[in-house]
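# Geometric and topological summary
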Amino acid sequence: AKYQRYLAATGYGELSAPFDETAFWLDGSLRISAAGQIEFLRKLHRRSLPFGTAAYETLRRIMLVEQTPQHGLWAKTGWAARGDPGIGWYVGYVETARGTWLFVLNLEIHNPGDLPLRQKIARADAGAGGEYTVHFTDGTSSPADKVIPGDDHYYIQYQGVTKRVRKEHVKEIS
């Protein structure tokens, strides 16, 4: 019941009952979408989850992967290995002087040798950057290759993907 309360309080995914308290995060009983992961990371980065300062600081130390003068990378791996194929996750955020980028990568894992690909793909994507940085009103940022204004929205293009974003959600474009 303790796990269910924490998951509900944080809005983290869906837990199917019955579940094994020692393995629910590995066996597929706990499911969350990539969009759900991003929302959770957004709350985590804003510190708007129901945890105290000490818990946030501990988690930040645990998640720290790399710190340089140019950026910090905080991330966590995951592997739901009991499915066929298994699903490997790599989730986190990158902080730079230009802003904060949240990322979620999930990858089908057909054999354990594929596991390092999670970090390689995410790091290559995070390092790609863009010509612009779009700063959102929620405090996050995103790289963009092209920003096309519309009447009440922007078309934000990055690495061949175009997203439509309402202007009211954009704080600044640099």
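For the structure itself, consult the block above.
Below is a short write-up of the structure. This is a predicted model, so every value here is computed, not measured.

### Examining the packing of aromatic side chains
Inspection of the entire model under this criterion finds four aromatic pairs. Between Trp 74 and Tyr 93 the ring centres are 5.3 Å apart and the planes differ by 15 degrees, which places this aromatic pair in the stacked class. With a gap of 19 residues between them, Trp 74 in strand S4 (residues 71–80) and Tyr 93 in strand S5 (residues 86–96) connect regions that are remote in the sequence. As far as the burial class goes, Trp 74 and Tyr 93 line up, both buried. Between Tyr 90 and Phe 103, the ring centres sit 5.6 Å apart and the planes meet at 45 degrees, which makes this aromatic pair tilted. In this pair, Tyr 90 is assigned in strand S5 and Phe 103 in strand S6 (residues 99–109), connecting sequence segments 13 residues apart. Residue Tyr 90 shares its accessibility class with Phe 103, and that shared class is buried. One Lys or Arg, Lys 2, reaches over the ring of Tyr 3 and ends 5.6 Å from the middle of that ring.

### Notes on unusual backbone geometry
That bond from Ala 17 to Pro 18 is cis: its omega, -10 degrees, falls within 30 degrees of zero. Positionally, Pro 18 belongs in the loop between strand S1 (14–15) and strand S2 (30–31). Even without being glycine, Arg 47 reaches a positive phi, approximately 60 degrees. Tracing the sequence through the fold places Arg 47 in the loop between helix H2 (34–46) and helix H3 (53–63).

### Focus: the pairing of S4
When strand S3 (residues 64–67) meets S4, the two strands line up antiparallel, connected through three bridges. Residue pairing across strands places Gln 67 opposite Gly 72, the latter belonging to S4. In this antiparallel pair of consecutive strands, S3 and S4, the connection spans three residues. Two elements, S4 and S5, share 10 bridges in a ladder whose sense is antiparallel. Along S5, the bridge assignment pairs His 71 with Thr 96.

### Description of the nonpolar core
Core analysis: the largest hydrophobic core is formed by 17 residues, its most contacted members being Tyr 12 and Leu 44. Contributing elements (two or more residues each) for this core: H2, H3 and S5. Every residue in contact with Leu 44, bar those within four places of it in the chain, is listed here: Leu 49, Tyr 56, Leu 59 and Met 63. Counting residues in hydrophobic clusters, the runner-up holds eight residues, among them Phe 136, Ala 144, Tyr 154 and Val 165.

What counts, and where the lines are drawn
- Residues numbered from 1 in each chain as written.
- Predicted model: local features only at pLDDT ≥ 70, side-chain atom pairs only at ≥ 80, totals over all residues.
- Heavy atoms only, no water.
- Phe/Tyr/Trp six-rings, centres within 6.5 Å; stacked < 30°, edge-to-face > 60°.
- Helix = DSSP H or I, 4+ residues; strand = E, 2+ residues; numbered from the N terminus.
- Buried < 20%, exposed > 50% of the residue type's maximum accessible area, 1.4 Å probe, protein only.
- Lys NZ or Arg CZ within 6 Å of the ring centre and 35° of its normal.
- Pairing = 2+ DSSP bridges.
- Core = buried A, V, L, I, M, F, W, Y, C linked by side-chain atoms within 4.5 Å.
- Contact = heavy atoms within 4.5 Å.

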